[in-house]
Amino acid sequence: MSLADLPPLREALAAHGLMARKSFGQHFLLDLNITRKIARLAEVGAGDRVIEVGPGPGGLTRALIETGAQVIAIEKDARFAPLLEALAAASGGALTLILGDALKVDEAALAGGQSAHVVSNLPYNVGTPLLIKWLTGPWTPASLTLMFQKEVAERIAAAPGSSAYGRLAVIAQATADARVVMDVPARAFTPPPKVDSAVVRLTPRADRPAPDRLDALQKLTAAAFGQRRKMLRASLKPLGGEALATAAGLDPQARAETVDVAGFLRLADAWLELRKTGA
Ligand code: SAM
């Protein structure tokens, strides 16, 4: 049995009596033209290791295996095990299936200490926590190609001055280069979600901030965007207010949404410095 002998995804789902479950954020891509396009956008191929979260019926998994990559797929819903085990058997050793929660796995151990790319049509309920884990946690992916609700994708890649610009944009862009690379309409999924989706490609930056700078960035963006209509001198008051903004070379009267990522990094450095000197 090879990949080409597998039944179409719809038939495979029916043969295993599987229906999508809302509680697992299940909206499936059953059109291999779309999953192959996502695999192309991920720019993975022979010799690459790919971690896929939530393979479900395995449409994206099939496309990733076709590239020649070595795929490690983590699925929380054990109902999919028999279907995915059949795919693993047909993959000729290219697919390793892990049944478990992607929020809890140790990616470095899964990848055997080698670099790995992440490609996923993410479950809506855990998409953002997973992204933050991959961008700020101890393990650094080689790249991330991820499907989100379109509104979340726009918040990840937003530029300063736009209403979508906020904490997520600052954290994502301080740690990675982020681009929206594909729009996917709701009707492409089975069952269709209420909103459209988009694929974001992120490449972690070589100069990713150290953990203490990231912690400072998390605190400062929480305070600044928690009261986004207020001026920095007011929203950042508990963290140093006017003196802090000035030390970072920012106008204390500016609002958070006008401060670019470099500005927030300067704020983080100024806050760490102020704490060190006890000022
Ligand atoms: N990749 C499939 C596709 O494109 O058709 C399914 C995508 S569906 C949006 C999300 C998948 O993630 C489901 O299979 C769901 O069971 C799985 N899932 C949900 N939460 C998970 C978690 N915490 N860890 C691993 N998989 C999870």
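Quantities reported herein were computed from a predicted structural model and do not represent experimental measurements.

Quick notes on the site of the ligand
- Near the ligand lie 21 residues; those nearest to it are Leu29, Gly54, Glu75, Asp101 and Asn121.
- Here Gly54 contributes a backbone N or O atom positioned 2.7 Å from a nitrogen atom of the ligand.
- Within the contact set of the ligand, an oxygen atom lies 3.4 Å away from a backbone nitrogen or oxygen of Gly56.
- Along the lines of polarity and charge, the residues of the shell around the ligand split into 9 nonpolar, 7 polar and 5 charged.

Side note on the domain arrangement of the protein
- Once the domains are mapped, the protein shows domain 1 (3–204) and domain 2 (211–277).
- Put simply, the middle of domain 1 and the middle of domain 2, counted by C-alpha atoms, are 34 Å apart.
- Note on domain 1 versus domain 2: buried area summed over both sides is about 1,200 Å², and carbon and sulfur give 66% of it.
- When residues of domain 1 are sorted by the area they lose upon contact with domain 2, Tyr165, Arg167 and Val170 head the list and together hold 46% of the total.
- Between the two partners, domain 1 and domain 2, sit 0 salt bridges.
- Taken together, the residues that form the side of domain 1 that touches domain 2 break down as 6 nonpolar, 7 polar and 1 charged.

Topic: helix α7 (residues 150–157)
- Within α7, burial applies to Val152, Ala153 and Ile156. With its buried residues spanning 100° around the axis, α7 presents them on a single face.
- Elements that come into contact with the buried residues of α7 comprise α6 (127–136), β6 (144–149), α8 (167–175), β7 (176–184) and β9 (197–204).

Digging into the pairing of strand β2 (residues 49–53)
- Most of β2 is tucked away, with 4 of its 5 residues classed as buried.
- Of the pairings in the sheet, the one linking β2 to strand β3 (residues 70–75) comprises 5 bridges and is parallel in character. Looking at β3, one finds that Val53 is bridged to Ile74.
- Looking at chain direction, β2 and strand β5 (residues 117–121) are connected through 2 bridges and run parallel. Bridge pairing in β5 places Ile51 opposite Val118.

What counts, and where the lines are drawn
- Every chain begins its residue count from 1, and numbering advances along the sequence as written.
- Owing to the predicted nature of the model, reporting of local features is limited to residues with pLDDT of at least 70; listing and counting of side-chain atom pairs is limited to 80 or more, with chain, interface and lining totals taken over all residues.
- Side-chain calculation: all heavy atoms of the structure are included, whereas hydrogens and water are not.
- Any residue with a heavy atom positioned within 4 Å of a molecule or strand is treated as near that molecule or strand.
- N or O atoms closer than or at 3.5 Å make up a polar contact, with two conditions inside protein: a donor-capable atom paired with an acceptor-capable one, and, for residues adjacent in sequence, both atoms drawn from side chains.
- Polar here means any residue outside two lists: the nonpolar Ala, Val, Leu, Ile, Met, Phe, Trp, Tyr, Cys and Pro, and the charged Asp, Glu, Lys and Arg; Gly therefore counts as polar.
- The domain limits used here are those given by an automatic or database domain assignment.
- The buried area of a pairing is the accessible area, by a 1.4 Å probe, that goes missing from both parts when the two are put together, added over both.
- Think of a salt bridge as a Lys or Arg side-chain nitrogen and an Asp or Glu carboxyl oxygen that are within 4 Å of each other.
- When accessible area is computed with a 1.4 Å probe and restricted to protein chains, residues below 20% of their type maximum are described as buried, those above 50% as exposed, and intermediate ones as partly exposed.
- Helix and strand labels come from DSSP, where a helix needs a run of H or I of at least four residues and a strand needs a run of E of at least two; each type is numbered from the N terminus.
- The arc in question is formed by the directions pointing from the helix axis toward the C-beta atoms.
- Any two residues whose heavy atoms approach within 4.5 Å are treated as being in contact.
- Pairing between two strands is assigned when DSSP locates at least 2 bridges connecting them.

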